[in-house]
Amino acid sequence: MKPFYKTIAALLAVIMVASAAGCVPISLSKEWGYKYSDKTLSKQYDIGMYIYSLYQAYNEAKTYAEKAKGYKENEPFTDLKITDDDGKKAVAKDWIKDKAEENMLNIVALDYLVKKDGATWDEASMKSAKATAKDTWEMGPYASYGYYQPIKDQVEKYGVSQDSFTYVSGESGVKQTALFNKLYAKGGLEEVKDKELTSYFLKNYVDYSYIPVHLYKSTTDSSGNSNSKKFSDKKIKKIKKELEELVSDLNNGETTFDKAAKKCEKDYSTASADEVKGTVSTKEELQSSNADIAKAIDKLSNGEAKLVVVGESGDSPTAYIAVKNNLNKDVKDYIKNDTNRSSVLQNMKNEDLTDLLEKTAKELKKSKALTKNDGALNKYDASMFYEKPEESTTTAAE
């Protein structure tokens, strides 16, 4: 049963949020923020879309501000100088404004290119996206895990309507996929041929397998805490020698990966669920998930195995039998699979589409066809999202 938290402190928090929201210039009407009109596209974008973009930019800037000089938790940060992931330095409030406009112009650019290039989508996809956005609006992104944090509760008080949120977070995603396919998929305006895709695949992907063998023992104390104690040096040396022999057998063709895995399960109690067999992914994905394995596999020849020991100086060292499989043997069948082809194509061309949207956005910004409603836009700035935390007192807690 979930605990029922209905305290005076919680009620005071609600009152404080409501009071803070009362100071914000709220507009849930169809007041527009941006408008574009020429022979290709004629559309206006309501102010709620801009406010939501501003809200997203505010939260992104906060992650940079937390690393900035002078940052103090639970205090305003918008006057601090931040540095983003691209190395750009700016005062947070200016960065937030610029980022919000950039996001809005990208939405306009997306609509423009969709119309210009004739990208289409099936109604089922759009219907599904809208339904997902509705659920997120009403229950939050983690409702399926039992954690309810409705987006509505976070942004409606600032003037974001459900329609605005749905357009930015749901509809635009379907349109972007449609534009991507119109440009790069089979039959697209800039179709990527199988030969190009194959070349990219062989250069950027890796096929690998590995078996982890723990060189330590895990125990759980009476409080439920897990502890690790590595084996003696003598025992570790013995296991490593045995694993090196197994690696040698793999390289000489005297055993197979499956047989080696079964032997490790029997001799060292390895869990089959921890074994990775014939996994194809980008080199970046492998690097992010297991940097030590990625580094070792990158140096191997196709079909070669190697023993990799990680964390020897700590309490939980692990030995991996790592194998680099022959990617060339898989490529034709892999690319033929529509799901795999789509995934590789996305990795190959996503950056190109991002660059195209940014380039188009800059061009549209200079165009006389774009109009900004400065009177409406200037009502909103980053500082409105700061909410002073309630003061915790003994009386309130009681």
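Every chain begins its residue count from 1, and numbering advances along the sequence as written. Local features in this predicted model are restricted to residues whose pLDDT is 70 or higher, and side-chain atom pairs enter the listing and the counts only when it is 80 or higher, whereas totals over whole chains, interfaces and linings include all residues. With hydrogens and water excluded, all non-hydrogen atoms of the structure serve as input to the side-chain values.

Draft legend 1. A look at the side chain of T270. In DSSP terms, a helix is any run of H or I states spanning at least four residues, a strand is any run of E spanning at least two, and both are numbered starting from the N terminus. Mapped onto the fold, T270 is located in the loop between α9 (257–268) and β8 (276–282). Buried means the residue's accessible area, taken with a 1.4 Å probe over protein chains only, is under 20% of the maximum for its type, while exposed means over 50%, and partly exposed covers the values in between. Classification of T270 by relative accessible area gives buried; the value is 10%. A polar side-chain atom of T270 sits 3.1 Å from the main-chain amide nitrogen of E265. Here a polar contact is recorded for every N or O atom pair within 3.5 Å, except that within protein the pair must consist of a potential hydrogen donor and a potential acceptor, and residues adjacent in sequence are included only if both atoms are side-chain atoms.

Draft legend 2. Spotlight on the nonpolar core. Counting residues in each nonpolar core, the largest one holds 73 residues, and the members touching the most others are Y45, I96 and F201. Per-element accounting of this core gives the leading share, 13 residues, to helix α3 (residues 92–117). Not counting residues within four places of it along the chain, the set of residues in contact with I96 comprises L54, A57, Y58, A61, F77, T78 and A382. The next biggest cluster of nonpolar side chains, apart from the first, holds 20 residues, and it includes I236, I239, L250 and C264. By nonpolar core we mean a set of buried residues, namely Ala, Val, Leu, Ile, Met, Phe, Trp, Tyr and Cys, connected to one another through side-chain atoms within 4.5 Å. Whether two residues are in contact is decided by their heavy atoms, any of which lying within 4.5 Å being enough.

Draft legend 3. The arrangement of the pairing of strand β6 (residues 216–220) in detail. Strand pairing is assigned whenever DSSP identifies at least 2 bridges connecting the two strands. Summarising the sheet, β6 and strand β7 (residues 226–230) pair through five bridges and their orientation is antiparallel. Bridging from a neighbouring strand, K217 pairs with K229 of β7. Taking the residues between adjacent antiparallel strands as the criterion, β6 and β7 are bridged by five residues, where G224 takes a positive phi near 90°.

Draft legend 4. Spatial organisation of the packing of aromatic side chains. Aromatic rings from Phe, Tyr and Trp, taking only the six-membered ring of Trp, are treated as a pair when their centres fall within 6.5 Å; an angle between ring planes under 30 degrees marks them as stacked, one over 60 as edge-to-face, and anything in between as tilted. Tallied over the full model, the rule gives 19 aromatic pairs. Both rings, one in Y52 and one in Y55, keep their centres 6.4 Å apart while their planes meet at 25°; by these two values the pair is stacked. Of this pair, Y52 and Y55 both sit in helix α2 (residues 47–65), separated by three residues, roughly a single helical turn. A single burial state applies to Y52 and to Y55, both of which are buried. Between Y58 and F385 the ring centres are 5.4 Å apart and the planes differ by 55°, which places this aromatic pair in the tilted class. With Y58 in helix α2 and F385 in the loop between α14 (374–377) and α15 (394–397), this residue pair connects regions lying 327 residues apart in the sequence. Among the aromatic residues, those joined into a ring-pair cluster are Y52, Y55, Y58, F77, W137, Y158, F165 and F385. In this scheme, Lys NZ or Arg CZ marks a charge over a ring once it lies within 6 Å of the ring centre and within 35 degrees of the ring normal. Its end group placed over the ring of W32, K35 keeps NZ or CZ at 4.2 Å from the ring centre. Its guanidinium or amino end placed over the ring of F231, K235 lies 3.9 Å from that ring's centre, counting from NZ or CZ.

Draft legend 5. Structural view of the side chain of K157. Take K157: it is sitting in the loop between α5 (151–155) and α6 (162–184). Of note is the side chain of K157, whose polar atom sits 2.9 Å from the side chain of E387.

Draft legend 6. Broad picture of the packing of α3 against helix α13 (residues 338–366). Orientation of α3 relative to α13, taken along the N-to-C sense of each, is 100°, at an axis distance of 8 Å. Judged by the inter-axis angle, α3 sits roughly perpendicular to α13. Within the contact between the two elements, α3 uses E101, L105, N106, V108, A109, L110, Y112 and L113 and α13 uses L356, L357, E358, T360, A361, L364 and K365. When residues are grouped by polarity, Ala, Val, Leu, Ile, Met, Phe, Trp, Tyr, Cys and Pro land in nonpolar, Asp, Glu, Lys and Arg in charged, and all others, Gly among them, in polar. Among the residues forming the contact of α3 with α13, the class breakdown is 10 nonpolar, two polar and three charged. Between the N-to-C directions of two axes lies an angle of 0 to 180 degrees, each axis being a line fitted to C-alpha atoms and, for a helix, fitted only over the stretch in contact. Our angle categories are set so that under 35 degrees counts as roughly parallel, over 145 as roughly antiparallel, 65 to 115 as roughly perpendicular, and the remainder as oblique.

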